Amino acid sequence: MKQFISVKDVEDVKLLVRKALHYKANPLKDSTLGLGKRIGCIFMNPSMRTRLSTQIAAKNLGIEPILLNAGSEGWALEFEDGAIMNGTSVEHVKDAARVFGKYFDILAVRAFPRFQNKEEDANELIIKQFIKHSGLPIVSLESSTLHPLQSLADIITITEHKKTERPKIVLTWAPHIKSIPHCVANSFAQWVNAWGEAEFCITHPEGYELSKEFTGDARIIHDQKEALKNADFVYVKNWSSYKNYGAVECTDTSWMLTQNHMKVTNNAKVMHCLPVRRNIELSDEILDSENSLVSLQAENRIWSAQAVLSEILKG
Amino acid sequence: MKQFISVKDVEDVKLLVRKALHYKANPLKDSTLGLGKRIGCIFMNPSMRTRLSTQIAAKNLGIEPILLNAGSEGWALEFEDGAIMNGTSVEHVKDAARVFGKYFDILAVRAFPRFQNKEEDANELIIKQFIKHSGLPIVSLESSTLHPLQSLADIITITEHKKTERPKIVLTWAPHIKSIPHCVANSFAQWVNAWGEAEFCITHPEGYELSKEFTGDARIIHDQKEALKNADFVYVKNWSSYKNYGAVECTDTSWMLTQNHMKVTNNAKVMHCLPVRRNIELSDEILDSENSLVSLQAENRIWSAQAVLSEILKG
Amino acid sequence: MKQFISVKDVEDVKLLVRKALHYKANPLKDSTLGLGKRIGCIFMNPSMRTRLSTQIAAKNLGIEPILLNAGSEGWALEFEDGAIMNGTSVEHVKDAARVFGKYFDILAVRAFPRFQNKEEDANELIIKQFIKHSGLPIVSLESSTLHPLQSLADIITITEHKKTERPKIVLTWAPHIKSIPHCVANSFAQWVNAWGEAEFCITHPEGYELSKEFTGDARIIHDQKEALKNADFVYVKNWSSYKNYGAVECTDTSWMLTQNHMKVTNNAKVMHCLPVRRNIELSDEILDSENSLVSLQAENRIWSAQAVLSEILKG
């Protein structure tokens, strides 16, 4: 694997899932594979699961992780080519990435969308600059449009818990008080589509359509109850409007999943990438129930990262 | 040892002190005891000695420390059960702790009192949430009411420097410009009482009574000079009012320990947990004198943490 | 080597450069030299290259690096002797340094000038306090007046790229929008002088004279074009006024190096310590040209630090 920023970088999703599950059973199986290698983990945004699980995965493979909080510990970065840097950014990504290219063997980057320019975010300006200028294999720790380590962990979790050949998976929009990126939703859709072993539909209020680039042929149903019928897995996630980029247009709290919504499902397992705003996105009763897979998804972040880093090491 | 949040978690204080002193003489004696184990160190507040000494202690035992500044690097945590999370907190401790439970073998948490609700702080709401939801052995790196790694280091230091069977130890209040937690004072009192090898008294202005839960049978003397008479050890510390919770009621600078105060003591050793505001809590002349044990206390934080982590590893 | 805060701590610059280049060819040659040793890296200011390269260098030698962001993770430090600490600083450097002395074998400190008091900065008050009170060998990660790890990396880079016995090196002032320390410029001048294998001149607008303490016998030429004639290396750097301490007096953008300025040089290599404000200090066209050595300088920071730490370990 040359880079990991999208499911398109993966040759065979099922094989990668099997590899991850193999590491889950044998965490230290390849504990010397990455000896002498360093991964630089650059955070331009907060991170808890990603930060911790990537470190653990790297260590399990013998790779030395070195973390940098780009803005607070290092320097505020500039991403615009040709910028006259007389503002608040202190270092251009060109220069930073070239230096990272000298210091590390793998570069992992977390860079949320900035919601300033829809096209720039859609084109993954930031992570592409790191790819272009570092010359290193890049692993996305969440970028402007995708969060592939999360999605791989999600598919691992579904693989572990599915009871039928072709489960019904529903991605449902949930309310939130803030303008939230599309990454997790886009990425989940992209991975479920690439995985191909599910009946997949997405439900959200009108106006919250995600980019077709990621949702592909998934059925879109605006009636949440209709969508949830016979669901085996319900993936709950807020995202802001894509059309009216970044806007919070719907505040209808009835979209928050409760036990009442669950009645029409096939005793569905409930998923969320975390962090979750309790009783806004998802009710306590569901998060604390046996149907919740959220902690298991988080645990699988380790094996997701370990499988990916292992593939990256093998080039 | 199942957890370490109070002296009550310790079966035999003297044995633990001996264990710590044994590590001080042989830091790498058990350097493989914790191989393959990870300790998550979660900081909700600043920390210098605790942050550094815990890392060193863990490494000495072969445990891998992974640090997280919860608020700045990760997400602001919510602690109220049933909260409708439409405010500034992004993740509930329930979810965070459950994830930590998947990532680590031991969890160390630093969470100062929030001074918003006396009862909540007294009940150790925050650290108890971590205990309840992580399922891991928890080590307190200072909580709402106690700072046991500090107190163990203090007893280690006293053990090293006492010249009599039963030294006189005086805990004296000192002035400060801010509202300071009761943790170090509470904890010191609790440990000296549990240790039991001292004549122990506490001196403070009226209105600064600590909770009897921690001070137990210690003599309370409001006349500082009277209290200091023949003291072998003087532990200097500010705390805010407990009764009028968090208030700074006394600004009488004569409570600041100077060489003049020392005359009535038995050439006492002077202790403080650090950080100390010089010439507010304690005078330069004392801190820079040979009677000061403050750096040695800080050094003993390593062996305190190492003894505790070793006991935790042994379960 | 007892400490590394200035070129004066180095017995033989050329030997140190050779040592660094030897590590560059054999990074893990001395990978057990520092086993069991810890270096504390204390950051009072942001840092990217220094933070990363010092960690890598330490690890290459088997030294365990432990990092602390002094102000945000730890406590705000006080540096004034005798201070009555009733302000915003929480811990005196005396106490912090003494504790570091107990925790580490080597102490590395980053402490920019504060621009409050010229004499205080000139006297290196801060780093000298760490030296005095920690009792440890101190490595400067950039101090009030100097940045020796950078300068050693610069001399390494020049050594690698020089084509003549005695190249012409020009240090040229560049525009900037902020008040920038003199450290890199001072330090570069000090090291080039000590190295002694160059024809060295400095060019800057009038009023931007650096301290003679560092520039020594270097020729000062106020006509930039005149200075650049036949240059083999051009080191570009902004600094604020030293005379009118910290002031930004010149905003003449014609001082920004462009390809046009390069015509009179001997196809000079261009250097900068990074971070660089593109199109303010240096033009894109130069930074992205083959003449730019800036990434190689950054890479050499690893070998610079490794050579220094190795010498420090040998005492």
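Structural data are supplied above this passage.
Residues numbered from 1 in each chain as written. Chains lettered and ligands numbered in written order. Predicted model: local features only at pLDDT ≥ 70, side-chain atom pairs only at ≥ 80, totals over all residues. Heavy atoms only, no water.

Participant: Describe the overall build of chain A, with residues and values.
Facilitator: In terms of helices and strands, chain A carries twelve helices and eleven strands. For 315 residues, the compact-globule formula gives about 20 Å, and the C-alpha radius of gyration of chain A, at 19 Å, lands near that figure. Taking the principal axes of its C-alpha atoms as reference, chain A extends roughly 55 × 50 × 30 Å. Out of the 315 residues in chain A, the part that is buried amounts to 64%. The long-range share in chain A, meaning contacts at least 24 apart out of those at least 6 apart in sequence, stands at 79%. (Helix = DSSP H or I, 4+ residues; strand = E, 2+ residues; numbered from the N terminus. Rg over C-alpha atoms; globule rule 2.2 N^0.38 Å. Buried < 20%, exposed > 50% of the residue type's maximum accessible area, 1.4 Å probe, protein only. Contact = heavy atoms within 4.5 Å.)

Participant: I'd love a proper account of the relation of the copies chain C and chain B, names of residues and values included.
Facilitator: Note on the identical chains: chain C maps onto chain B by a rotation of 120° and an axial translation of 0.0 Å, with an RMSD of 0.0 Å. Both copies are brought into coincidence by an operation consistent with a three-fold rotation axis. Measuring from the rotation axis to each C-alpha of chain C, the shortest distance belongs to Ser72(C), at 5.5 Å. Little of the interface of chain C is mirrored in chain B, where only 4% of its interface residues again form contacts. (Least-squares fit on C-alpha atoms with pLDDT ≥ 70 in both.)

Participant: Report on helix α5 (residues 125–134) of chain A, specifying residues and quantitative values.
Facilitator: All names here are of chain A. All buried positions along α5 are accounted for by Ile126, Ile127, Gln129, Phe130, His133 and Ser134. Summarising the axial view, the buried residues of α5 lie within an arc of 155°, below the 170-degree limit, and thus occupy one face. Buried-residue contacts for α5 involve β3 (77–78), β4 (91–92), α3 (93–103), β5 (106–110) and β6 (138–140). Gly135 sits one or two residues past α5 and shows a positive phi near 70°. (Arc of directions from axis to C-beta.)

Participant: Can you tell me about the sheet that holds strand β6 (residues 138–140) of chain C, naming the residues and giving the values?
Facilitator: All names here are of chain C. On the basis of which strands lie adjacent, the open sheet formed by four strands has the order β2-β1-β5-β6 and parallel pairing. Two strands in the sheet have a free side with no partner beyond their single neighbour: β2 (64–69) and β6. Across the sheet, the mean angle from the axis of one strand to that of its neighbour is 20°, orientation sign disregarded. (Pairing = 2+ DSSP bridges. Axes fitted to C-alpha atoms, helices over the stretch in contact; angles between N-to-C directions.)

Participant: I'd like a rundown of the packing of α3(A) against helix α12 (residues 294–313) of chain C, residues and numbers included.
Facilitator: Look at α3(A) against α12(C): their axes get within 9 Å of each other, and the N-to-C directions meet at 40°. Classified by the interaxial angle, the pair formed by α3(A) and α12(C) is oblique. Where α3(A) crosses over α12(C), the two elements pack in a sense that is right-handed. The residues of α12(C) that touch α3(A), namely those facing Asp95(A), Arg98(A), Val99(A), Lys102(A) and Tyr103(A), are Val294(C), Ser295(C), Leu296(C), Ala298(C), Glu299(C), Arg301(C) and Ile302(C). Its residues placed into classes, the contact of α3(A) with α12(C) shows six nonpolar, one polar and five charged. (Parallel < 35°, antiparallel > 145°, perpendicular 65-115°, else oblique. Left-handed = near helix turned anticlockwise from the far one by under 90°. Nonpolar A, V, L, I, M, F, W, Y, C, P; charged D, E, K, R; others polar.)

Participant: Mind laying out the interface of chain C and chain A, listing which residues take part and the relevant values?
Facilitator: Between chain C and chain A, the residue contacts involve 33 residues of the former and 27 residues of the latter. When chain C packs against chain A, close to 2,600 Å² is buried across both sides, 59% of that on carbon and sulfur atoms. For chain C, the biggest contributors to the area lost against chain A are Met48(C), Arg277(C) and Arg278(C); these three give 23% of the whole. Counting every contact that joins chain C to chain A gives seven salt bridges. Where Glu299(C) meets Lys102(A), a salt bridge forms, and the shortest distance between an N and an O atom there is 3.9 Å. In this structure, the connection of chain C to chain A is made through 13 residue pairs in polar contact (both at pLDDT 80 or more). It is helix α2 (residues 49–60) of chain C that provides the largest number of residues to the side of chain C that touches chain A, a total of eight residues. Tallied by class, the residues present in the side of chain C that touches chain A amount to 15 nonpolar, seven polar and eleven charged. (Buried area = accessible area lost by both parts, 1.4 Å probe. Salt bridge = Lys/Arg side-chain N within 4 Å of Asp/Glu carboxyl O. Polar contact = N/O pair within 3.5 Å; in protein donor to acceptor, adjacent residues only side chain to side chain.)

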